[in-house]
Amino acid sequence: MKYLAALLLALPTFAFAQCGPDAPCKIDGGSYHMIDGGEGTEGAPVLVFFHGHNATGQMIFRGGIKSDFADAGYVVIAPNGQQIPGRQTRFWPGRDGSVRDDIAFTLDVIEDAKTKASIDADRIYVAGFSAGGSMAWLMACKAAEQFAGFTSISGALREPNDTTNCPTTPVRFLQIHGFADNQVPFEGRAIRDWHQGSLWDSLALARASNQCRTHPDTIDVGDRFRCRDWNASCSDGAIKFCEHDGAHGMPRGWTTLARDWFEGS
C-alpha cells in the first residue's frame, strides 16, 4: 500500500487530466467543457455557449470564441446536448417534452463550474448557434433572471413551448441571422411534430416582456450587419436584431458584436 501511494505521487501531474476544453467535466445528467480564461482573476465574466445540432461542446473553442472571449478573460462553458443515438455528437431538442430537462441541466452545469473557476454571478451571458441559438431563447424564456444577456445566432424559440410569462423577466437579447438562411429561415419550418419557431414571434415575446414599442427605436445599416434596435422605448431590457447577407452559419464578426452587446456598448 505504501509502495502504491509513493508510485501515485511520483506520477506526473498530466496523468490526472482535469476537465476542460478537451476533457469533459461530468455531472449528473450529462457533461460540459470549459476553459478558464479568467484564471487568476476574482469574479470573471462567463459565456455559456450552446453548440449546434450534430456537434459537441468540445468543438466550440476556436476562432472568435477563443480570441474575443476566452483570451479576453471570460470563463467559457460549453454544455453538451443530449446524445444522438449511435453517434458521439449531440443535439438540443429546445422544446417542451424533452427527455432531459436541459434548463435545469444547464443551471447545474453553471453551479458545478463555480467550483472550478472564480465566476461573477452577475455577468453570466448565454449564446448559441442554430439549435444552440434556440436553446439561448429557451433559457431566456424560462430562466431569464439567471443571466445578464443573450445572443442567438441562427436560432429562434421552438414550438411547442409554453410561452406564458416568456421571457420570465425583461431581457437583453441580441439576435443575429442570415438573410439567405434557409436551414433555419426567419419564419422557421415544420419538422415532423415540432416547429423551429418564427424569429418574428420570438422577438415579439421579448419586446412584450421588455415593454418596448413595436417598431425599432433605431436602424443602423453597416457594411456587414444591418441592425434594428429596441432600447429607448423599453421600460427595461433591450433587444437588437442584426441581419447579414449570408446563409446558415456564424458570420465573421459575430463575437465582437456579441461581446459589445453583453458589455453594454
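Look up: the structure comes first, before these words.
Sequence positions are assigned chain by chain, starting from 1 and proceeding in written order. Per-residue local features of the predicted model are confined to residues with pLDDT of at least 70, and side-chain atom pairs are confined, for both listing and counting, to 80 or more; whole-chain, interface and lining totals are unaffected and use all residues. Only hydrogens and water are set aside when side-chain values are computed; all heavy atoms of the structure are taken into account.

Peer 1: Honestly, the side chain of Glu243 in this entry has me stumped. Any pointers?
Peer 2: Secondary structure elements are taken from DSSP: a helix is a run of H or I of four residues or more, a strand is a run of E of two residues or more, and numbering for both begins at the N terminus. Relative to the helices and strands, Glu243 is located in strand E14 (residues 238–244). Exposure is judged per residue with a 1.4 Å probe applied to protein chains only, and the accessible area is read against the type maximum: over 50% gives exposed, under 20% gives buried, and values in between give partly exposed. Overall, the relative accessible area of 15% leaves Glu243 in the buried class. At 2.7 Å, the side chain of Glu243 forms a polar contact with the side chain of Arg226. Two residues form a contact once any of their heavy atoms are found within 4.5 Å. Excluding its chain neighbours within four sequence positions, the residues that come into contact with Glu243 are His177, Phe179, Phe186, Arg224, Phe225 and Arg226. The term polar contact refers here to a pair of N or O atoms within 3.5 Å; inside protein, the definition further demands a hydrogen-donor-capable atom paired with an acceptor-capable atom, and it admits residues adjacent in sequence only when both atoms are side-chain atoms.

Peer 1: Please clarify how the pattern of salt bridges should be interpreted in this entry.
Peer 2: Pairing is possible between side chains of opposite charge, provided their charged atoms come close. By definition, a salt bridge exists where a carboxyl oxygen of Asp or Glu is found within 4 Å of a side-chain nitrogen of Lys or Arg. On inspection of all chains with the given rule, the structure shows 9 salt bridges. Across the pair Lys66 and Asp71 runs a salt bridge, and its minimum N-O distance is 3.1 Å. A residue is classified by how much of its surface remains accessible, and Lys66, at 38% relative accessible area, is partly exposed. Across the salt bridge formed by Arg226 and Asp245, the nearest N and O atoms sit 2.9 Å from each other. One end of the pair, Arg226, is in strand E13 (residues 226–230); the other, Asp245, is in the loop between E14 and helix H6 (254–262), and 19 residues separate them in sequence. Among the residues examined, Asp245 registers a relative accessible area of 57% and is labelled exposed. A network of salt bridges, in which partner residues are shared, links Arg226, Glu243 and Asp245.

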